[in-house]
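Listed here are the chains, written in short residue letters.
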Amino acid sequence: MYPPFAHQAAASMDQFAMPPSYNVSDYTFAAGAHRAGDNQVVASTQPSAGGSFYPSVEDYMGLSLQKYQNNSQVAARPVVSAPVSAQNWAGIKRSVIHPGVSEVVLCHDAKGRVGLKFRDLNKGVFVQYVAEDSPASMAGVRFGDQILTVNDEVVAGYSADKVHKLVKKAGPNNIRLAVRDRPFERIISLTKGSGGLTGFGYVDGKITTIVKDSSAARNGMLTEHQIVEVNGRNVIGLKDKEISKLISDCGDVVTITLMPSEIYQHMIKKIGSLIKSMDHTVPDC
């Protein structure tokens with residue numbers, strides 16, 4: 001176990017991604033928009049007689065999310081305003097959570113690949129692996145994201161192999177994926193105090209302790225949550241000492257992305273066989 005990182009000054013940005021349920025015939029995307037960077041595209045929510053994507057908003061890889069929606073500690077809360085400097089803006093921008101459906105536009109690399117492996121579960125298709133420095137990595141696709149469409153073709157109920165073939169056939173350019181983020185993630189941006197401490201402790205990436213009256217406590221850090229990104233950099237599969245070094249190297253401000261431990265463990269159990277070999281590089285802003 002590594003010592004908690006405590007701090008005194010506070011600067012926080014706190015948000016949850018609560019995945020909405022969309023009907024196939026409902027959503028529209030702005031032409032040419034990308035998920036990476038500032039061009040977030042959120043699906044429309046107008047009523048429709050069409051069928052809905054599966055899993056629904058209450059389900060993620062077969063795990064019910066109903067208790068999280070009803071839990072006051074894991075419910076949507078307003079974003080806490082905080083000073084944004086050149087130092088912490090990069091981490092915030094890399095860590096952006098899309099609380100809806102966003103479009104990702106990919107192309108094949110020199111080997112005809114996009115850098116993704118998929119897993120089909122409960123009639124849904126999920127990202128099992130993101131290759132380092134791949135088109136998918138540079139576009140901001142994350143492990144555990146759900147793929148809803150490939151070039152407007154709904155993939156609910158498809159096998160992973162069928163989706164792989166669909167992506168390969170769609171290339172080499174302008175491969176459009178409709179992507180839904182991992183559920184109930186939250187971002188907290190913290191300013192370190194003296195000694196570079198940040199006010200929380202963790203074991204195996206799981207938040208176990210929060211220092212009383214620290215900035216982590218004041219800004220909504222919760223135990224029973226897993227660290228999944230540091231300044232937008234994927235840390236799933238890294239050891240605590242590696243996460244510790246990343247936090248230490250961030251300077252005075254660090255942005256942490258968290259998700260409830262139960263959801264994280266379920267995700268790892270279902271699709272986590274390749275986590276140690278996936279992309280852990282610093283994403284482009």
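So, how was this worked out
Residues numbered from 1 in each chain as written. Predicted model: local features only at pLDDT ≥ 70, side-chain atom pairs only at ≥ 80, totals over all residues. Heavy atoms only, no water. Core = buried A, V, L, I, M, F, W, Y, C linked by side-chain atoms within 4.5 Å. Buried < 20%, exposed > 50% of the residue type's maximum accessible area, 1.4 Å probe, protein only. Helix = DSSP H or I, 4+ residues; strand = E, 2+ residues; numbered from the N terminus. Contact = heavy atoms within 4.5 Å. 1 Å grid on protein atoms, 1.4 Å probe; cavity = no way out; pocket = protein on both sides within 12 Å on 5 of 7 lines; lining within 4 Å. Points joined across faces, edges and corners; volume = space filled by probe spheres on them. Nonpolar A, V, L, I, M, F, W, Y, C, P; charged D, E, K, R; others polar. Salt bridge = Lys/Arg side-chain N within 4 Å of Asp/Glu carboxyl O. Patch = residues over 30% accessible without salt bridge, like charges linked within 9 Å, V, L, I, M, F, W, Y side chains within 5 Å. Areas by Shrake-Rupley, 256 points an atom, 1.4 Å probe, with all protein chains shown as cover. Lys, Arg positive; Asp, Glu negative; His and termini not counted. Charge placed at Lys NZ, Arg CZ, Asp CG, Glu CD. pLDDT = per-residue confidence, 0-100.

1. Description of the nonpolar core
Formed by 22 residues in total, the largest nonpolar core has its most connected members in Leu106, Leu116, Phe118, Ile147 and Leu177. When residues of this core are traced back to their parent elements, those giving at least two are strand E5 (101-106), strand E6 (116-121), strand E7 (124-130), helix H3 (135-139), strand E8 (146-150), helix H4 (160-170) and strand E10 (175-180). Broken down by element, the residue count for this core peaks at four residues, all from H4. The contact partners of Leu177, leaving out residues within four places of it in the chain, are Ser102, Glu103, Val104, Leu106, Leu116, Ile147, Thr149, Val150 and Val167. Counting residues in hydrophobic clusters, the runner-up holds 21 residues, among them Tyr68, Leu121, Ile236 and Met259.

2. Description of the layout of surface pockets
Where empty space is left can be seen by rolling a probe of water-molecule size over the atoms. A volume near 300 Å³ is recorded for the largest pocket. Along the walls of the largest pocket sit 15 residues, with Gly112, Arg113, Val114, Leu116 and His164 positioned nearest its centre. Of all the secondary structure elements, the ones that give two or more residues to the lining of the largest pocket are E6 and H4. Grouping the constituent residues of the lining of the largest pocket by class yields six nonpolar, four polar and five charged.

3. Here's the deal with the pattern of salt bridges
Inspection of the entire model under this criterion finds nine salt bridges. We note a salt bridge from Lys67 to Glu262, for which the minimum N-O separation is 2.8 Å. With a gap of 195 residues between them, Lys67 in helix H1 (residues 66-69) and Glu262 in helix H7 (residues 261-271) connect regions that are remote in the sequence. Look at Lys67 and you get exposed, because its relative accessible area is 51%. The shortest N-O distance in the salt bridge between Lys165 and Asp161 comes to 3.3 Å.

4. Description of a positive patch on the surface
A cluster of basic side chains, namely Lys111, Arg113, Lys117 and Lys168, defines a positive patch on the protein surface. As for its position among the elements, Lys117 is in strand E6. Residue class for Lys117 comes out partly exposed when judged on its relative accessible area of 42%.

5. Remarks on the side chain of Lys192
With respect to the element layout, Lys192 can be found in the loop between strand E11 (186-191) and strand E12 (200-203). Among buried Asp, Glu, Lys and Arg side chains, Lys192 stands out as unpaired, with Asp252 the closest opposite charge at 6.5 Å.

6. Quick word on the confidence of the model for the protein
Per-chain confidence: the protein averages 76 in pLDDT, with 68% of residues scoring 70 or above. Under a pLDDT of 50 for its full length, residues 1-55 has, in the predicted model, 192 contacts with residues more than four places off or in other chains. Ignoring residues within four places in sequence, the model shows residues 75-89, a span with pLDDT below 50, making 27 contacts including any to other chains.

7. Considering the environment of Gly193
Within the element layout of this structure, Gly193 appears in the loop between E11 and E12. Exposure remark for Gly193: the relative accessible area of 17% places this residue in the buried category. Separated by 59 residues in sequence, Gly193 and Asp252 place their C-alpha atoms 7.7 Å apart.

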